[in-house]
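So the chains spell out like this:
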Amino acid sequence: MINSIFVMSPTGEVIIEKHYRGYISRTCCELFWNEVQQASNPSEVKPVMVTPKYYVIHVQRYGMFFIAVVQRDVIPLLVTEFLHRVVDVFRDYFNEVSEESIKENFITVYQIMDEMMDNGIPMTTEPNVLKTMIVPPTILGRVATSMGVSDKSNLNSDLPEGMLSSIWWRRKGVKYTNNEIYLDIIEEIDCSIDTNGLMVTCDVSGEVLVNCKLSGMPDMTLSFTNPSIIDDVNFHPCVRLSRYERDQVMSFVPPDGKFKLASYSVNTTGQAVTLPLYVKPQIHFSGTSGRVNVMVGPKSNLAGRTIEDVVITIPFTKNIATNNLSVNHGTAHFDDASKVLRWEIGKVPKEKSPCLNGSVSLVPGTETPESGPTILVDFKIVMFSASGLKIDALTMSGERYKPYKGVRFVTKAGRFQVRS
Amino acid sequence: MSLSDAHYFEEMGVKKYEEIRRLLDSREKKDKLEGMKRLMAMISIGRDASNYYPDVVKNVVSDSLEVKKLVYQFLIHYAELKSNEALLTINTFQKDLSDTNQLIRSSALRVMTSIRVALIAQLQVMAIKQCVRDSSPYVRKAAAHAVAKVFALDPDQGEALKELIQGLLQDNSTMVLGSAVAAFNEVCPDNWDLIHPNFRKMVRLCADTDEWGQIMLLNMFTRYGRKFFLDPSTLEKEPKDTNDDGEKKKKKKKKKKAFYSDDESSKSSSSSESESSSEDEDEEPELDPDHAMLLSSTLPLLRSRNAGVVMSVATLFHYLAPRAQVAKVGKSLVRVLKNNRETQYLVLKNIATLVLSRPEMFDGSAKEFFLRAHDSTASALLKLEVLSQLVNESNSQLIMREFNAYIKDTSRDTVLIAATIQAIGRVAAWHPSLTDTCLRGLMTLISNSKNEQMVAESVVVVRALVQQAPEQRVRIIKQLIKRLENIKAAPARASVIWMVGAYHNLIPQVAPDVLRELLKVFKTESTQVKLQILNLSCRLFLTEPDTCTPMFVYVLDMSRYDTDFDIRDRARMMRTILLTDKCDKLKEKASQIFLGERKAPEFYAPSRDSESFSLNSLSHAVSHHVAGYIEIPDFPEDVPDGSIRDPIISSSSERSDNKTSSKKDEKRMKREVSDFYKESDSSGSEDDSSDSSDGKGSSDSDSDSDSSSSSDDSDSSKGSSSDSDDSAREKKASQKKKASAKKAKQEESSSDTDSDSDDSDSDSDSDSSTERRKKKQEEAKKKAKAAEQKAAAAKKDAPPPSKNKSKEEKPKAKAQEPVASLIDLGDQQGVSSLLDTSTPSSAKPLTLQVETSGGISPQGSKQAAATPTGKAAASMLDKDKLLVHNLLHFANGGGLNVEYCFTREESMYGVGMNTVKLSLHNTTNVLMQNVRIGDKRLEAGMELEPFSDVALLPASSTNSVKIHINFGGKMRSAKFDLVTDKGTYPVALTPSAGELVNPLLLSEPEFDELAKGLRGMHECKLTLPPVDDKPAEEIREKVLLLCNMYPVDSQTEGIYKFAGRDLGGEAKNVVLVALDVQGTLVGRSESTLLSRQIVKELKDAFLK
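Residues numbered from 1 in each chain as written. Chains lettered and ligands numbered in written order. Predicted model: local features only at pLDDT ≥ 70, side-chain atom pairs only at ≥ 80, totals over all residues. Heavy atoms only, no water.

Examined against the element boundaries, Arg408(A) turns out to sit in strand β23 (residues 404-419). Every residue in contact with Arg408(A), bar those within four places of it in the chain, is listed here: Leu183(A), Asp184(A), Ile185(A) and Met383(A). (Helix = DSSP H or I, 4+ residues; strand = E, 2+ residues; numbered from the N terminus. Contact = heavy atoms within 4.5 Å.)

If you want it as structure tokens, here you go:
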């Protein structure tokens, strides 16, 4: 089981250390940091590292490193999943996870880490329960404390009642003046397209994110008009699996606040997903120069939605010497150090197709690449569902009031890449 | 003043340190908090704050939870360094352990056990002992964690800890279970005896446990299954066919059970469940039911959002499931891959191993393993490996095209390109049909690519492929030789030259020529290549000495002055052996030395290194043995006995009957039971009223028979109402079990097939209308002759589940017989007249029988199923033999006679409770109403759960009810009032000491071990007259009758040993009784008083 957890800033400074099974010197983090520095990119460091005395398992989120040190055999996925959960909880508490936010709230961080794990075994990990036990810091509270007005503890002295009940994920006695529930259905298109413009792989996966601000014990039912689109799905523990198996309806008593209700993958075997936009790169090298031409444009199946936040990233080979590239829309920036071109298009205009044009020259005497680099595409379309999933109804029972219900679809590029 | 705490990280001047002491000594909570914050910041920055330990210790008594928690954290952080000071705090924690707030209790235990000072391990064990019994699962969870802590600190405590774990494993709270299993895995991972009785419960509760608990459980299940279930592949003689799919679906349906206790689904699902479970039996007759249950109830966990759970389920299926079922897991694993970077890597690592033995698992998912631009190198390498394993006829085109794209992609790491080429090589080697295409592709690479490294890698792979079948690939060798000039990379050149040497016999003309060409450039070659040229020339010299001797000598001469000593040495050796006469013996064997055949290299996947480690372990991830790694055992060869998992002492037939119900959620079960009480009572009273209205003549005999039928009915309605939620199948099963009398009736009434009789049975149950009876009666008439034989046959046919059942059967059948013959006589008589004529004497035993059977029927068997450690000691004895005492004599009770007996069943209201059956007998000839328990006058520490009111107690009838009493471990009377509509009667129920214990199953060595520890004041010795004249059975029975204990299987003649456990006391102490034939009676227990009492009672009993 986990011996100790360290939190390391992007610059390699240990900012939090918490030991669950006796003290372990933070020197093992230095070994880890060496590894990070030797790697071409922090993400190249393997999640499991062997040091002479310990095993270092880490996850990277928000540029920070969350490191677990273990001594004995353990299920590695339990460790990484737990670390991710810790980060999720931090984000839930502090709205962001950064060196700053952790330092600012380090006492709360220690309190949370103490409650989440005991003796290296996860203990209370449900955000709703944690939040009742350890009240998240608020600006107001901080002001009051610093002025000496209030000395209210942020620790609840009683165990939350809900914790021991069968619906342990929901706090008791939740009250809102405005009862609202918001659903964000975010779908990502993972896709790779080969040099001939053919789709090699294309998957659509989605998440149902809920922001629940409902009083009491509401019982929600979410149904879809075309549930068969959902292929494989996993749920928050609150969803009644039996009900889903039977009716393909998500029935649940939601936790309070933000949570991920489900994530699903879309059945793409039947029909190919039509992509919302096209990217046609033509990058050819000959001798010491290369011609670059990239065209981007929307496809017609968008039902009037516009594609936003389009960014094209082209990681050129390292032996590029100079470039002479221009765009007719948006801004392009070429980073000389990493030789990466980042072309921010923003909204795709209807009247013309954005186009990147120009040439690059190679450092003389180096090898001429045989093919172009893999281009990464990023975009977002609001109120559009790539899979075509439609919500039939979101109903509530168990409470008297009428909640306000908001649903939003967003389609984003996941790992969308085009080979050139 | 700053709003953020971030400044603590920066402004740590010396001055600030000075202040901390002052702050900690302050009375103000705010100052203390400030001081603690600074200390925590020091820890965060990595400075040593241990000097402040004494100052912090003082604050451990702080009232503020916030300060307290920080103090706790600080204490734990430095406890090892400052063990002496840490000891000062122990008292505080011990005090906090009995705080009323569960949060404080649990954190006190956590801190106390986190102080890693071996000196206090004893105290820690005591503290855990206390908390294991805590009413709050939150505290018990902390206790489970603490067990592992103490074990790490002082492994000598293992035995005591094991006992604690045993207790924790029996816990029914899902919150505790996961942690208890974690402790089990750590402290005594091979002590399966602790798991057996709890196994089924754990499987059932697994779905409701939190995700981390699920991981622990699944891990344990996997090891357990490999140890105690048979290898499913040995059972799969004939491959399963198409209906397998259907079965799967049903299985999926089955899983939902345990989730929420949602009633909505219970009906439909239960019916489908019964179907599928019966189907299961048909299709997989050999898979142990527990094995099947484990698989079916863990499968739904694949839906978990936690990748760890999904991987653990996959591991379980990999090791335990029949091959056909494992494939289901593949899809979920692929889904999990899309998670974050770390998960992806770790899951891939496992998949890479899985795919070696089960490529079919990922059939059709090949696309998911295509490289993405975001993949880290480590993940990409694993993906390539998986892909190369997945190639088959249908997807080879696709995958090879993909490989091609990777090679061309310049933005990729060279490591990856090399790995891709190796992957192609593996594919070529494994799939003969693809070898040629692959070779062609590689050759084009060699000839066209400008990337030296790529060429080098390709040549090496091609060489390895050529080695597989050199004769067929002469052309390839020649092509490579042609390209030799252009191949620059040393390893590639060396490879080609080696090939020329190794296969020179295949290319007889070419080889010398190649050597000649090489000699020209020998000087400029790298060491690696030079060595190969040396080898080549040597080989040629040996095979074609005529043409090649000069060249060989030339090479040797050149090598003689080489800068590399390796080459100089090699050349010298060759010269000495081959060209001089110094060592003739070697020269004779020269061809063996220099022309030896080499074994072709094998292509194997890099993941083979990890293959020997069990999936989903750290050892597997790092490919070496990590401390604490537990191997997955092999399947046993012999059929493991499934009955080890039976909740202690319950016959096997009962188990199969209850199989469906045992899958139910425990909670639901409890609820049902309590519901059932209500329902049965109400329906019973309804029946009563309807029956009494039915009965026309209200003579004495009528009321007698009436009551008999009513109690019969209520019995059956009990069954049906309790089962209404459940499947019809279960209903039948339980009915079969509890009412064999009915069975006899059935058999009499219809000699049709079983299902028919079942139908008629349920009909008669649900409807007690006269018409039905008439019908039945007519049917019965026809078959009256056969009836008797049938009844007898039924007795034989029915499996003898338990003694009492067959006991029950006999009088019932007897009771039936006169009825049947009466029917025979009175053709034209209606039901009422039938009942009229049935003599009281024949009806009476029936009535009584129903009463006594009430003790074991529905509730009894259900509870035994629900609580694995069912206090079923009574089943060692005949139920009827249980001592019955009088509680209220009818003379004092206004005609109400009450007898009680301890049923020795585990009470559903909690441990420590005794279940007492009260037989309420109305001796008057008037109806009694509203029989209930009135005022309770209990002493402190006692509890009493009354029976639900008996609305009607007809004249001369008897009703059995149950109450649950906690005597608090002492022999004192439970005083309460029994109230009827006629009056209030105070009674006192005094337990015998023997009922205040729980049976405990011990082996003799265990018994002796425990006995050794209980000497002196814990021992109580009495002497009896020698009992050697009595048979062993009688003695044993006598003791068991009096004490709720288990006999210990004793090897020594003449000594009888019994073990139990204090039921009500705080300590749950063991109570041991030993009796030898000489008449020495010894009781040992830490609860001295109790054991003394028991021994005294026993003595009295024997003296009688």
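All right, on to the nonpolar core then. Within the largest apolar cluster, 261 residues are counted, with the highest numbers of intra-cluster contacts made by Phe221(B) and Leu333(B). With sequence-adjacent residues up to four places away left out, Leu333(B) is seen in contact with Val310(B), Met311(B), Ala314(B), Val347(B), Ile351(B), Leu354(B), Met361(B) and Phe362(B). Counting 70 residues, the second largest nonpolar core, distinct from the first, contains Met220(A), Phe252(A), Leu261(A) and Val296(A). (Core = buried A, V, L, I, M, F, W, Y, C linked by side-chain atoms within 4.5 Å. Buried < 20%, exposed > 50% of the residue type's maximum accessible area, 1.4 Å probe, protein only.)

Here the focus is the side chain of Thr915(B). Residue and element names in this part refer to chain B. In this fold, Thr915 is placed in strand β3 (residues 914-922). Judged by relative accessible area, which is 1%, Thr915 ranks as buried. The contact partners of Thr915, leaving out residues within four places of it in the chain, are Cys901, Phe902, Thr903, Arg904, Glu905, Glu906, Ser907, Lys962, Ile963 and His964.

Turning to the confidence of the model for chain B, a few remarks are in order. Residue and element names in this part refer to chain B. Mean pLDDT over chain B works out to 72, with 72% of the residues at or above the 70 mark. Counting contacts from residues 649-770, a segment whose pLDDT is below 50, to residues more than four positions away or on other chains yields 185 contacts. Taken together, the stretch residues 790-875 has pLDDT below 50 and engages in 141 contacts with residues farther than four places along the chain or on a different chain. (pLDDT = per-residue confidence, 0-100.)

If a strand is regular, its side chains alternate between the two faces of the sheet. All names here are of chain B. The pairing of strand β4 (residues 928-937) with strand β6 (residues 950-953) spans three bridges and is antiparallel. Directly across from Met928, in β6, lies its bridge partner Leu953. Pairing analysis gives four bridges linking β4 to strand β8 (residues 974-979), with the strands arranged antiparallel. Bridge assignment links Ile933 to a residue of β8, and that residue is Leu978. (Pairing = 2+ DSSP bridges.)

Residue and element names in this part refer to chain A. Both strand β16 (residues 308-315) and strand β21 (residues 374-382) contribute to a ladder of four bridges, which runs antiparallel. Across the sheet, the residue bridging to Val311 is Asp378, located in β21. Sheet analysis places β21 next to β23, joined by seven bridges and oriented antiparallel. Following the sheet pairing, Leu376 is matched in β23 by Gln417.

Right, let's get into the packing of helix α20 (residues 341-357) of chain B against helix α21 (residues 377-390) of chain B. Residues and elements named next belong to chain B. With their axes 9 Å apart at the nearest point, α20 and α21 run at an angle of 25 degrees to one another. As summarised for this structure, α20 and α21 are arranged roughly parallel, according to the angle between their axes. Regarding α20 and α21, the two cross each other, and that crossing is left-handed. Between α20 and α21, the residues in contact are Gln344, Tyr345, Leu348, Lys349, Ile351, Ala352, Val355 and Leu356 and Ala378, Ser379, Leu382, Lys383, Glu385, Val386, Gln389 and Leu390, respectively. Taken together, the residues that form the contact of α20 with α21 break down as ten nonpolar, three polar and three charged. (Axes fitted to C-alpha atoms, helices over the stretch in contact; angles between N-to-C directions. Parallel < 35°, antiparallel > 145°, perpendicular 65-115°, else oblique. Left-handed = near helix turned anticlockwise from the far one by under 90°. Nonpolar A, V, L, I, M, F, W, Y, C, P; charged D, E, K, R; others polar.)

Take the state of the cysteines next. Overall, the coordinates contain zero disulfides over all chains when judged by the stated rule. The cysteine Cys212(A) is free of any disulfide, with Cys238(A) supplying the nearest cysteine sulfur at 9.3 Å. (Disulfide = S-S within 2.5 Å.)

Residue and element names in this part refer to chain A. With respect to the helices and strands, the residue Thr274 is situated in the loop between β13 (257-266) and β14 (277-286). Classification of Thr274 by relative accessible area gives exposed; the value is 53%. Considering only alpha carbons, one finds Thr274 and Ala386, 112 residues apart in sequence, at a separation of 8.0 Å.

Attention shifts here to helix α25 (residues 452-468) of chain B. All names here are of chain B. In a regular helix each residue adds 1.5 Å, so 17 residues correspond to 24 Å; α25 covers 25 Å between its end C-alpha atoms and thus fits that length. Counted residue by residue, α25 has twelve buried out of 17 residues, so it is predominantly covered. Regarding α25, the residues found buried are Met454, Val455, Ala456, Glu457, Ser458, Val459, Val461, Val462, Ala464, Leu465, Val466 and Gln467. (Expected span 1.5 Å × (residues − 1).)

Residue and element names in this part refer to chain A. As for its position among the elements, Thr221 is in strand β10 (residues 219-224). Thr221 gets classed as buried once you look at its relative accessible area, which sits at 19%. Excluding its chain neighbours within four sequence positions, the residues that come into contact with Thr221 are Arg243, Val249, Met250, Ser251, Ala393, Leu394 and Thr395.

Between chain B and chain A, the contact holds 108 residues from the first and 110 residues from the second. Between chain B and chain A, a total of about 9,800 Å² is buried, with carbon and sulfur atoms accounting for 56% of that surface. In this structure, the connection of chain B to chain A is made through 13 salt bridges. Asp231(A) is the salt-bridge partner of Lys331(B), the closest N and O atoms lying 3.3 Å from each other. Where chain B touches chain A, the interface holds 37 residue pairs in polar contact (both at pLDDT 80 or more). Considering each element in turn, the side of chain B that touches chain A owes the most residues, eight residues, to helix α2 (residues 29-45) of chain B. Considered class by class, the residues forming the side of chain B that touches chain A number 40 nonpolar, 33 polar and 35 charged. (Buried area = accessible area lost by both parts, 1.4 Å probe. Salt bridge = Lys/Arg side-chain N within 4 Å of Asp/Glu carboxyl O. Polar contact = N/O pair within 3.5 Å; in protein donor to acceptor, adjacent residues only side chain to side chain.)

Our focus in this paragraph is the sheet that holds strand β12 (residues 249-252) of chain A. Residue and element names in this part refer to chain A. Strand order in the open sheet formed by three strands is β12-β10-β22, and the pairing between neighbours is antiparallel. Either end of the sheet is taken by a strand with one partner, and the two such strands are β12 and β22 (391-397). With direction set aside, neighbouring strand axes in the sheet form an average angle of 10 degrees. Pairing of β10 with β22 involves six bridges; the strand directions are antiparallel.

Let us now look at helix α9 (residues 137-153) of chain B. Residues and elements named next belong to chain B. Given a rise of 1.5 Å per residue, 17 residues ought to cover 24 Å, and the 24 Å separating the end C-alpha atoms of α9 matches this to within 8%. The buried fraction of α9 amounts to 15 of the 17 residues, a majority that puts the element mostly inside the structure. The opening residue of α9, the one whose side-chain oxygen lies 3.1 Å from the backbone nitrogen of Tyr138, is Ser136.

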